[in-house]
Each structure stands twice: as structure tokens, then as C-alpha cells.
Amino acid sequence: MRTKGIIKILVLLALDFVLLTYLFNAEAAAIVTSIVALYAWAGEYIALFRDGAVSEKKLNDFDRAKLQRVRSILEVEASRNGLQKLPNYRLHILPSDGANAFAYGISNISVTKGTLQCDDLTLASVIAHEISHIGNLDAIVSRLMFANITIAVLGLSIASFVATASIWLIFGILALVGVCGGIFSLLVVNAISKASQGFFRILQHIVLFAYQGTIGTINKMIEYRCDGFAASIGLGQNLAYFLSTYVGDQDARQRTLREILYVSHPATYKRVLRLEAPRG
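This is a predicted model, so every value here is computed, not measured.

## Some words on the sheet that holds strand β4 (residues 108-112)
Strands sit in the order β1-β2-β4-β3 across an open sheet of four strands; the sheet is mixed. Strands with a single pairing partner mark the edges of an open sheet, and in this sheet they are β1 (54-55) and β3 (101-103). Relative to strand β2 (residues 90-94), β1 runs antiparallel, the two sharing two bridges. The partner of Val54 across the bridge, within β2, is Ile93.

## Observations concerning the environment of Leu67
Note that Leu67 resides in helix α3 (residues 61-80). Owing to a relative accessible area of 0%, Leu67 belongs among the buried residues under this scheme. In the structure, Leu67 is positioned 44 residues away from Leu23 in sequence and 50 Å away in space, judged by C-alpha atoms. In this structure Leu67 touches Glu56, Leu59, Leu91, Ile93, Leu116 and Leu123, once residues within four positions along its chain are discounted.

## Some words on the nonpolar core
Residues Leu74, Tyr89, Ile127, Ile131 and Phe242 are the most contacted members of the largest nonpolar core, which totals 35 residues. Counting residues per element, this core draws most heavily on helix α5 (residues 120-135), which supplies seven residues. Within the second largest apolar cluster, 14 residues are counted, among which are Leu13, Leu137, Tyr211 and Ile215.

## Side note on the packing of helix α1 (residues 2-23) against helix α2 (residues 26-51)
Between α1 and α2, the shortest axis-to-axis distance is 8 Å and the interhelical angle comes to 150 degrees. One finds that α1 runs roughly antiparallel with respect to α2. Seen from above, α1 lies across α2 with right-handed handedness. Contacts from Leu13, Asp16, Phe17, Leu20 and Thr21 in α1 reach Ala26, Ala29, Ala30, Val32, Thr33, Val36 and Ala37 in α2. The class makeup of the residues in the contact of α1 with α2 is nine nonpolar, two polar and one charged.

## Side note on the packing of aromatic side chains
One pass over the structure, following the stated rule, counts five aromatic pairs. Taken together, a centroid distance of 6.4 Å and an interplanar angle of 90 degrees make the contact between Tyr241 and Tyr246 edge-to-face. Using a relative accessible area of 33% as the deciding quantity, one classes Tyr246 as partly exposed. By way of ring pairs, the aromatic residues Tyr241, Phe242 and Tyr246 are connected into one cluster. A cation over an aromatic ring shows up here: Arg274 above the ring of Tyr224, its NZ or CZ 3.7 Å from the ring centre.

## Remarks on helix α6 (residues 138-176)
When the terminal C-alpha atoms of α6 are compared, their 57 Å separation across 39 residues agrees well with the 57 Å that a helix rising 1.5 Å per residue should span. Two residues or fewer past α6, Gly178 is found with a positive phi of approximately 85 degrees.

## Examining the pairing of β2
With four of its five residues buried, β2 lies for the most part within the structure. Inspection of the sheet shows β2 paired to β4 by five bridges, in the parallel sense. Across the sheet, the residue bridging to Leu94 is Thr112, located in β4.

## What about the pattern of salt bridges?
In total, this model carries eight salt bridges according to the counting rule given. Asp61 is paired through a salt bridge with Arg64; the nearest N and O atoms lie 2.5 Å apart. Remark: Arg64 and Asp61 occur in helix α3; sequence separation between them is three residues, near one turn of the helix. Judged by relative accessible area, which is 56%, Asp61 ranks as exposed. By relative accessible area, which is 27% here, Arg64 ends up partly exposed. The partner of Arg271 in a salt bridge is Glu223, with the nearest N and O atoms 3.9 Å apart. Taken together, the residues Arg271 in helix α10 (residues 268-276) and Glu223 in helix α7 (residues 182-232) connect sequence positions 48 residues apart. One connected set of salt bridges, linked through shared partners, spans Glu223, Asp227 and Arg271.

Basis of the calculations
Residues numbered from 1 in each chain as written. Predicted model: local features only at pLDDT ≥ 70, side-chain atom pairs only at ≥ 80, totals over all residues. Heavy atoms only, no water. Pairing = 2+ DSSP bridges. Helix = DSSP H or I, 4+ residues; strand = E, 2+ residues; numbered from the N terminus. Buried < 20%, exposed > 50% of the residue type's maximum accessible area, 1.4 Å probe, protein only. Contact = heavy atoms within 4.5 Å. Core = buried A, V, L, I, M, F, W, Y, C linked by side-chain atoms within 4.5 Å. Axes fitted to C-alpha atoms, helices over the stretch in contact; angles between N-to-C directions. Parallel < 35°, antiparallel > 145°, perpendicular 65-115°, else oblique. Left-handed = near helix turned anticlockwise from the far one by under 90°. Nonpolar A, V, L, I, M, F, W, Y, C, P; charged D, E, K, R; others polar. Phe/Tyr/Trp six-rings, centres within 6.5 Å; stacked < 30°, edge-to-face > 60°. Lys NZ or Arg CZ within 6 Å of the ring centre and 35° of its normal. Expected span 1.5 Å × (residues − 1). Salt bridge = Lys/Arg side-chain N within 4 Å of Asp/Glu carboxyl O.

In C-alpha cells form, the structure reads like this:
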């Protein structure tokens, strides 16, 4: 499971290094790529701190015992269904009454207080879904892709600034040597400058649109894969129950156009239908 995630990470970092080397030089590429890799790794712990996640070791005896029972269920079900070993994972609780769970990167999973109230098998199915995320290093891959698109957008902003500054610099030099000048020349150069800025803004929107559409599609496929993992160890019906009972209402609210186009999770009813379909 983890091998595929590692390959994705290495490919993304290699592409970053090659592209940055082409644009700048190997030294600059190595520095930026290292920063991106550090962000992808450290983002897991930053997110845990930001969300106020509490380690299972700091929970009361009742909640800690429940999580231990869930761990045992996962190990038994995974072994019974032919999976010898689950990825190592650490559990945390988020101070929220809503029903949700998150995988942060290499090993950390959080479930909300609301999710903790579920029965043991249902909670195990939710954690199984998140185990698939950490097993495939999905959060790290997502952070790398986000870092890449941020660099691309920032690069276009810098290019826009350089292009605009160059246009005005050339105009200033030509005006000093008497080649051009006057209101008409000023208006023309201003129009060219605005056209240049508009061109780069359009490029930024195209890049963002492509990124959002691509990442939205990829994330939906990932969610189906993680649901499938829970089903593969015999917890599909329990996860379907959780989605129908605790998550289904979230689909009823009216979404913005952006949410419709780029929501990272498939519609709950589609996930439930897949989970409840006979496995053959």
C-alpha cells in the first residue's frame, strides 16, 4: 500500500526538481524542492496542532479502552480477510461534536468526539477508511500538489510583475532618448501594460481551474478506494451505516457552484451504493 504513495511522492519531487532546474539552476531547484518536501512532511504535525487534536494517550480510561477495542477489531478483521499487517497509525480525538475523521499524513488519524460516540464496529469502519489514506500517503501527496500549484501561481505573479516593469522601463528609456513621449504614447504603454497583466491573470485562472478540476476528480477516486479498503476487511456495511446516518444530511444543504464542481468527496449516496453493492 505504502509503496505506491512513496512512488507518487518521489515522482512529484523529481518533476519539481527538473522543472525548477530548467527555469533557474540546480542549486535553486534543490533548495525549493527541499522546502516543498519539508512542508509536505511537517504539514501533518502543523495540522494536528491547528486542529487541537488530543492523543489517545491523554484520553480518559473509558475512551482509551474503546479505541483499544477498535484497534483489536481492525487487526482481527484485517487478518481474517487476508491482510497480514495494517500500517502503523496513531489515533487522536478532535474537540468537535460533528461526525468526521481525518488522516494527516504518514501515521496520524483523528476522529471527532461525535464519531467517538459510534459503536465499536462503526468507529472501526471509519478508522479503516482513514488507514487507507495514511497507507497510501494521500495527505502528503495532496500537500505536494498544493505546494506545486502555489509555486506555479506565484511564479506567474512574478512573471507578470517583471513583464509590466520591463514594459515601463523600455518606455522610460525610449522617452529619455526622445523616441517617444506625450500623452498618446503614455496611453499606449499603459494599455499594453494592462493587457500583459490581464494575460497573466488569465493564465493563473486556467492553471487554478485545471488544478481544481483535476484534484477534485482524483480525490473522489481516492475516497472510493478508501471506502473499498474498509469493505475489503469486512466493514463496508458499517461504513455505509455511518455515512447514511451521520454524513448523509450534509449533502442536503445547497452547495455553491464551486462545491459542486470541486468537492473532494463523492456524494454520500453514491458511496453508500458502492459499499452496499454485492462484492464479487
